[in-house]
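# Remarks on the overall topology
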Amino acid sequence: MSLVLDPAAQDLLFREARTANTFTDEPVTEEQVQAIYDLVKYGPTAFNQTPLRVVLVRSAEARERLVPLMAEGNQAKTASAPLVAILAADNEFHEELPQLLPHFPQAKELFFAERPVREQSAALNAALQAAYFIVGVRAAGLAAGPMTGFDFAGVQKEFLDDDHTPLMVVNIGKPGDDAWYPRSPRLAFEDVVTTV
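On a predicted model such as this, the values are computed, not experimentally measured, just so you know. (Residues numbered from 1 in each chain as written. Predicted model: local features only at pLDDT ≥ 70, side-chain atom pairs only at ≥ 80, totals over all residues. Heavy atoms only, no water.)

## A few points about the nonpolar core
Buried together is how nonpolar side chains tend to be arranged in soluble globular proteins. Convention followed: Think of a nonpolar core as a cluster: buried Ala, Val, Leu, Ile, Met, Phe, Trp, Tyr and Cys residues, connected wherever their side-chain atoms sit within 4.5 Å. Between buried and exposed lies partly exposed: a residue is buried under 20% and exposed over 50% of the maximum accessible area for its type, with that area taken using a 1.4 Å probe on protein chains only. Secondary structure elements follow DSSP: runs of H or I no shorter than four residues count as helices, runs of E no shorter than two count as strands, and numbering proceeds from the N terminus. The contact rule is simple, with two residues in contact once any of their heavy atoms fall within 4.5 Å.
Within the largest apolar cluster, 23 residues are counted, with the highest numbers of intra-cluster contacts made by Leu87, Phe133, Val137 and Ile172. Broken down by secondary-structure element, the contributors of at least two residues to this core are helix H2 (30-40), strand E2 (83-90), helix H7 (115-139) and strand E4 (164-173). With 6 residues, the top contributor of residues to this core is H7. Not counting the four nearest positions on each side in its chain, Val137 is found in contact with Ile36, Leu142, Ala143, Ala144 and Ile172. Phe23, Ala62, Ala81 and Ala88 belong to the second largest nonpolar core, which has 18 residues in total.

## Looking at the packing of aromatic side chains
The condition that has to hold: By convention, a stacked pair of Phe, Tyr or Trp rings (six-membered ring in the case of Trp) has centres within 6.5 Å and planes under 30 degrees apart, an edge-to-face pair has planes over 60 apart, and any other such pair is tilted.
Inspection of the entire model under this criterion finds 6 aromatic pairs. Between the aromatic rings of Phe47 and Phe111, the centroid separation amounts to 4.9 Å while the plane-to-plane angle is 45 degrees, which identifies the pairing as tilted. Taken as a pair, Phe47 in the loop between H2 and strand E1 (52-57) and Phe111 in helix H6 (residues 107-112) lie far apart in primary sequence, 64 residues in all. The exposure class of Phe47 is partly exposed, given its relative accessible area of 29%. The class for Phe111 is partly exposed, based on a relative accessible area of 40%.

## A word on a nonpolar patch on the surface
We apply this condition: Like charges within 9 Å and nonpolar side chains (Val, Leu, Ile, Met, Phe, Trp, Tyr) within 5 Å are joined into patches, using only residues over 30% in relative accessible area that form no salt bridge. In these tables, accessible area is a Shrake-Rupley quantity obtained with a 1.4 Å probe, and a residue counts as shielded only by the protein chains included in the view. Salt bridges are defined as contacts in which a side-chain nitrogen from Lys or Arg sits within 4 Å of a carboxyl oxygen from Asp or Glu.
Together, Leu187, Phe189, Val192 and Val193 line one region of the surface with nonpolar side chains, adding up to about 440 Å² of accessible area. Taking the relative accessible area as the measure of exposure, Val193 reaches 39% and is therefore partly exposed.

Right under this line is the structure:
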């Protein structure tokens, strides 16, 4: 095996991990979410930008506002998950670049002065961070159920503002009974990788 990571960790993070569809009622603590973020914040992004924003939906009132915005097939699992996170891209991320990229503070004005450029960069880099977040949830011994089946405009209006674009909703917790669908196929190495 050419990987340095322990095979058990490889299984936990990738091979055995799946999108969870049911969860136990064991709570997900603030400490767990903090540990997840403190791990995944080190994932690489362009210009060290950090456009990902996470809205934790914990209260019953917030859950009641979110569930009707989910696609019908996602409503029950979102209603019953111990924790739900709305992952969004901050389109004004460039304001933090002087702090996050101190050796190149002019990047804010040179590359990100125009809103369409920021939106494109925020979407890509927040999606990278969202993927790290999902792997971080797995590293915490929890399961993630990421979903894009929801009313994007409704979630933005209800939980965000015009400067934040929703990317996905992630149910988080310990997997419950019959949490997994069968593993779907994946493309083989030779179907994906080309050497030039």
